[in-house]
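Chain by chain, the residues run as shown.
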Amino acid sequence: MEGSGETPLESSASIPGPEEPARVPEVPLPEVPEGCTRSPEATTKKLCGYLSKFGGKGPIRGWKSRWFFYDERKCHLYYSRTAQDANPLDSIDLSSAVFDCKTDAEEGTFEIKTPTRVITLKAATKQVMLYWLQQLQMKRWEFYNSPPAPPAAPAATLAGNGTALRLELEPENADLEEFLSPVETPTGLVGMAAALQPVPAKPSALQNISLKHLGTEIQNTMFNIRSNKQAQGSSPVPSEEDSSQNGEPQKEESPLLPDSNPPGKEPTDSPKHTPKSSLTTNLIQKAKRQNNTFPRFPEGLTRPRTSQEKVEALQHQVLVLTEELKSQKELVKILHKTLEAAQQEKRASSAYLMAAGDKDRLELVRHKVRQIAELSSRVKALEQERESLAQTASLREQQTQELRQHMQELQQQVKLLLDKNQAKQQVICKLSEEVTRDFMNPPSQPPAPSDAADRDVLSQQEKMEHLKDDMEAYRTQNRFLNSEIHQVTKIWRTVAEKEKVLLTKCAYLQAKNCQLESKYLTGLRRLQEAMGNEASKGSELLGQLIQEALQWEASEAVADSVGLSPISEYDEYGFLAVPDYEVEDLKLLAKIQVLEVRSHHLLAHEEQLLRERWAALGELTPSAELKQLLRAGVPPEHRPRVWRWLVHLRVQHLQVPGHYQKLLSQSQACEHLAARQIELDLNRTFPNNKHFTCPTSNFPDKLRRVLLAFSWQNPTIGYCQGLNRLAAIALLVLDEEESAFWCLVAIVETIMPADYYSKTLTASQVDQRVLQDLLSEKLPRLMAHLGQHHVDLSLITFNWFLVIFVDSLISDIFLRVWDALLYEGTKVVFRYALAIFKYKEEEILRLQDSLEIYQYLRLFTKTICNSRKLTNIAFNDMNPFRMKQLQQLRTAHRERLEAELQKLERLKAEYLKNQASRDRAAPKSCMSEDEGEGDAEA
């Protein structure tokens, strides 16, 4: 901006925005700083002048004359009592202000409305008021368009974003002229010429003093007194009255004035102050003479449109050339295909001629026949596709025709309304002309009207003149308000875009900070592992650094207040983001994990796109799009609705109204055998979740009722360890007992195999063997390494399948697993199990001790933080993964397991039979220990 060394977004100390609070500067007027030059055009366009401000309290409430001047650096309108005051009284923040003028108010009155107050101002004439309103609009628009948009990523990218934003917003400045033509500058009433004029007189000096800013008034008075004494002591200067009477303004200006006169232009060129009454009369007369322009000044009547027409012609030419280029490209492609077909035919003919025997030629003919059959089938497929596309095109043409018909109807209605409006205006004009003609040229034949009739005609003519003036005033107000609404809307969009870019940049910087802190903690952890338990000053320093790193920073609270950090101490479902481990090494690892999760969340720009896709998704129906959305994860705000729909799909054949309440009544009437085990497991459910550890929470009671109802729903299972975690997750997401109950039924009875949670856990054991086969197929190196060290993975993975990764993965990831599981089935569990080992394959291969491998496998799932990477491995790297193959593996392993169990049962039966035969063959003389003790006592 002019007169400032930096733009609002280039300050190194802070990034002030349009909502920066007003700060009153110590310098009264925004003068040009030393070392900076201002062009003559900028000096002449300086926005300043005297206006009347309505304010005060009690008896001194009324209009007060104030000197207003605009500061371009802050978009503030400062005001003081006179132009020579040292300090301004106050300022008005125009960055978030809107302007309004009312026709029913006093002439020249307008309002500046800010979020905190409404300032009522009055100009000398209507022309001055329109000039101030238009200039304030332009200054506000320039303030929002001048700073470039801040970058969202590295510096190279940011610069490009700023340029694109500016190029997009600059052309919109011309749109304002369509609403409000440029207003002619009122000479002598605004700018530096107004500063040289005497202060407008007021009824009393006390009324013009601001008691609210009494300290500033005293400072300004003392400063003026000292300035006058210095001026009188240095050189005699004529007073303002003498200079104004002689028509010669002062040659030497006070340094307190906002700007100096432009070079090459003498102050005497500016006309004198025009009286208010004469200006008002001239403005009204000019408004009556001109009925087709707004506002009533000759400068804004015409605007050249030649450049716009040239641009439109060039754009049309570019479109024509683009279409021609596309057609030429298509022609070249057709010629290429024709040439390839001819070459292939030539090669086939040469091969046929070069064949040695009839068999070779016959084989070539057969090959050609097969090619012809393939081509014919392809042609049929293309024909079908063409027919489908033709149907689609016809449907679109029908829709287009309907839209065109609707548009034509609307255009006809608009045309009828315009014709009706034009007809009404013509009737009004004719009636007005007839009344005026009858009044100016009364007919001679009838007798002269009486005095009462003359008075009526005069009164009617006066009313018509007033109505015309009112119509013109309302038209002026309408056009200004339209321009104000248009500009405020554009400014709001600009601010929203800038805010979005700033938030993106803050998220990027915060993610980088998390990455640096994670690297720092990782270095501390490696250093701790390398040093071990050595007692030295270095180990003490290392311990101190680790303790400082483990403390929860206060900056995280600040980040939460901005709304950028998606990770806090607890997530949206109440799980601890930092697990409370007792071992210091694991505490450091947990902190590293949280930082990595936060970094991935901040840098995941796809999350916003995913939320927009879910928000645009209407009624849920099974489809390929819904499948992909569920694999990508459901946003927390949509997850309850989506889960209820998925559960209903699974159990709609089992749901009966009032069934859950009936089961609850049955559990209260008769205690189930599993009730005791349920009570024991309630206190062990999610110790790291605040909803189940808080004493006042009602989640444990809800969980108890859900599990008891399920024990009566499925007596063959009753209760199995792990069902408490499944039901708890359903409660946390759905927050309703009945919905959680049916979710548990859907998982146990429809998604998982029948005897997955039975007493023998047969299906669970089968799935572990299936997983071993899939791991050997997909990850052979890893399985060879684990087999070399005799590691049994089922000790680790059995619980994964039983509770569907609850307590194994972080909440953000295992909830994504559940999203896909409820729609696709158990195949999802195998996909994610394989993806977890693929994710950490290299780390496991580096371990060379079985005990170390078991310790790592016990906790390694908690270190997986990148949900996007894990999902990509599960659904892309693990393909193909057919359900038919999974069913075949399950059937084969079930047969083997059942054979093993039968063999075990036979061995058990034989053992019991042999034991019973040995008991019968024992000698009768042998007596039991109880009998021996009894004889001894006797």
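Residues numbered from 1 in each chain as written. Predicted model: local features only at pLDDT ≥ 70, side-chain atom pairs only at ≥ 80, totals over all residues. Heavy atoms only, no water.

**Student:** How would you explain the overall build of the chain if you had to name every residue and give the values?
**Tutor:** Helix and strand counts for the chain stand at 34 helices and seven strands. Counting across all 938 residues of the chain, residues that qualify as buried make up 37%. Sequence separation of at least 24 residues holds for 71% of the intrachain contacts in the chain that already meet a minimum separation of 6. Accessible area of the chain: about 56700 Å², with a carbon and sulfur share of 54%. (Helix = DSSP H or I, 4+ residues; strand = E, 2+ residues; numbered from the N terminus. Buried < 20%, exposed > 50% of the residue type's maximum accessible area, 1.4 Å probe, protein only. Contact = heavy atoms within 4.5 Å. Areas by Shrake-Rupley, 256 points an atom, 1.4 Å probe, with all protein chains shown as cover.)

**Student:** Describe in detail the pairing of strand β4 (residues 90–93), supporting the description with residues and values.
**Tutor:** Side chains Asp90 and Ile92 project from β4 onto one buried face, and the interleaved Ser91 and Asp93 project onto a second face that is buried too. In this structure, strand β3 (residues 76–80) lies alongside β4, joined through four bridges in antiparallel fashion. Across the sheet, the residue bridging to His76 is Asp93, located in β4. (Pairing = 2+ DSSP bridges.)

**Student:** So what about the packing of aromatic side chains? Which residues, and what values?
**Tutor:** One pass over the structure, following the stated rule, counts 17 aromatic pairs. Look at Phe741 and Trp742: their rings are 5.1 Å apart centre to centre, the planes differ by 65°, and that puts the pair in the edge-to-face class. You can call Trp742 buried: its relative accessible area is 3%. Connected via pairs of aromatic rings, a cluster forms that spans Trp800, Phe805, Phe837, Tyr856 and Phe860. The positively charged end of Lys702 is found above the aromatic ring belonging to Phe699, 5.3 Å away from the centroid. For Lys869, the ring lying beneath its charged end belongs to Tyr839, and the centroid distance is 4.6 Å. (Phe/Tyr/Trp six-rings, centres within 6.5 Å; stacked < 30°, edge-to-face > 60°. Lys NZ or Arg CZ within 6 Å of the ring centre and 35° of its normal.)

**Student:** Account for the environment of Lys122, naming residues and giving values.
**Tutor:** Here Lys122 shows up in strand β7 (residues 118–122). As for Lys122 and Phe110, which are separated by 12 residues in sequence, their C-alpha atoms are 6.2 Å apart. Setting aside chain neighbours within four positions, we find Lys122 in contact with Leu51, Ser52, Trp63, Glu106, Glu107, Gly108 and Thr109. In this structure the side chain of Lys122 is engaged in a polar contact, spanning 3.2 Å, whose partner is the side chain of Glu106. (Polar contact = N/O pair within 3.5 Å; in protein donor to acceptor, adjacent residues only side chain to side chain.)

**Student:** Give a detailed account of a positive patch on the surface, specifying residues and quantitative values.
**Tutor:** A cluster of like positive charges, contributed by Lys326, Lys329, Lys333 and Lys337, occupies part of the molecular surface. Secondary-structure assignment places Lys337 in helix α10 (residues 306–354). (Patch = residues over 30% accessible without salt bridge, like charges linked within 9 Å, V, L, I, M, F, W, Y side chains within 5 Å. Salt bridge = Lys/Arg side-chain N within 4 Å of Asp/Glu carboxyl O. Lys, Arg positive; Asp, Glu negative; His and termini not counted. Charge placed at Lys NZ, Arg CZ, Asp CG, Glu CD.)

**Student:** Before we move on, could you go through unusual backbone geometry and cite the residues and values that matter?
**Tutor:** Notably, Asp735 is not glycine yet its phi reads approximately 60°, a positive angle. Among the structural elements, Asp735 can be located in the loop between α23 (723–734) and α24 (737–751). For Leu761, which is not glycine, the phi torsion reads 55° and is therefore positive.

**Student:** Lay out the packing of helix α25 (residues 762–778) against helix α33 (residues 883–920) with the relevant residues and their values.
**Tutor:** Look at α25 against α33: their axes get within 9 Å of each other, and the N-to-C directions meet at 125°. Put simply, α25 runs oblique to α33. Considering only the axes of α25 and α33, their crossing is right-handed. Here α25 contributes Thr762, Ala763, Gln765, Val766, Asp767, Arg769, Val770, Asp773, Leu774 and Glu777 to the contact with α33, which in turn contributes Gln885, Leu886, Leu889, Arg890, His893, Arg894, Arg896, Leu897 and Glu900. Classifying every residue of the contact of α25 with α33 by side-chain character gives seven nonpolar, four polar and eight charged. (Axes fitted to C-alpha atoms, helices over the stretch in contact; angles between N-to-C directions. Parallel < 35°, antiparallel > 145°, perpendicular 65-115°, else oblique. Left-handed = near helix turned anticlockwise from the far one by under 90°. Nonpolar A, V, L, I, M, F, W, Y, C, P; charged D, E, K, R; others polar.)

**Student:** So what about the environment of Gly633? Which residues, and what values?
**Tutor:** Among the secondary structure elements, Gly633 is positioned in the loop between α17 (624–632) and α18 (639–651). Separated by 182 residues in the primary sequence, Gly633 and Leu815 place their C-alpha atoms 7.9 Å from one another. If we skip the residues at most four places from it in the chain, Gly633 touches Leu610, Trp614, Arg816 and Asp819.

**Student:** Provide a residue-level description of the pairing of strand β2 (residues 62–71), including the pertinent values.
**Tutor:** When you tally the buried positions in β2, you get nine out of 10 residues, the bulk of the element. Taken together, the five bridges between β2 and β3 define a ladder with antiparallel strand orientation. Along β3, the bridge assignment pairs Asp71 with His76. Hairpin remark: β2 followed by β3, antiparallel, with four residues in the connecting loop; positive phi at Cys75, about 60°.

**Student:** Please provide a residue-by-residue account of helix α28 (residues 811–824), values included.
**Tutor:** For α28, spanning 14 residues, the distance from its first C-alpha to its last is 20 Å, which sits close to the expected 20 Å at 1.5 Å a residue. Where burial is concerned, most of α28 is hidden: 12 out of the 14 residues are buried. Looking at α28, one finds that the buried residues are Ser811, Ile813, Phe814, Leu815, Arg816, Val817, Trp818, Asp819, Ala820, Leu821, Leu822 and Glu824. Of the residues trailing α28, Gly825 is marked for its positive phi of about 105°. (Expected span 1.5 Å × (residues − 1).)

**Student:** Can you explain the confidence of the model for the chain? Please cite residues and give values.
**Tutor:** In this model, the chain carries an average pLDDT of 74, and 67% of its residues clear a pLDDT of 70 or more. Here residues 149–174 is a poorly scored stretch, pLDDT under 50, and it has 37 contacts once near neighbours within four places are set aside; other chains count. A low-confidence stretch, residues 931–938 (pLDDT under 50), is modelled with two contacts involving residues beyond four sequence positions or located in other chains. (pLDDT = per-residue confidence, 0-100.)

**Student:** Give a detailed account of the pattern of salt bridges, specifying residues and quantitative values.
**Tutor:** Considering all chains together, one arrives at 28 salt bridges under this definition. Glu484 is the salt-bridge partner of Arg140, the closest N and O atoms lying 3.1 Å from each other. Residue Arg140 is located in helix α2 (residues 126–145), and its partner Glu484 is located in helix α12 (residues 451–531); the two are separated by 344 residues in the primary sequence. On the basis of relative accessible area, Arg140 is assigned to the buried category, the value being 1%. Overall, the relative accessible area of 5% leaves Glu484 in the buried class. Here the residues in one salt-bridge network are Arg781, Lys838, Glu841 and Glu842, joined through shared partners.

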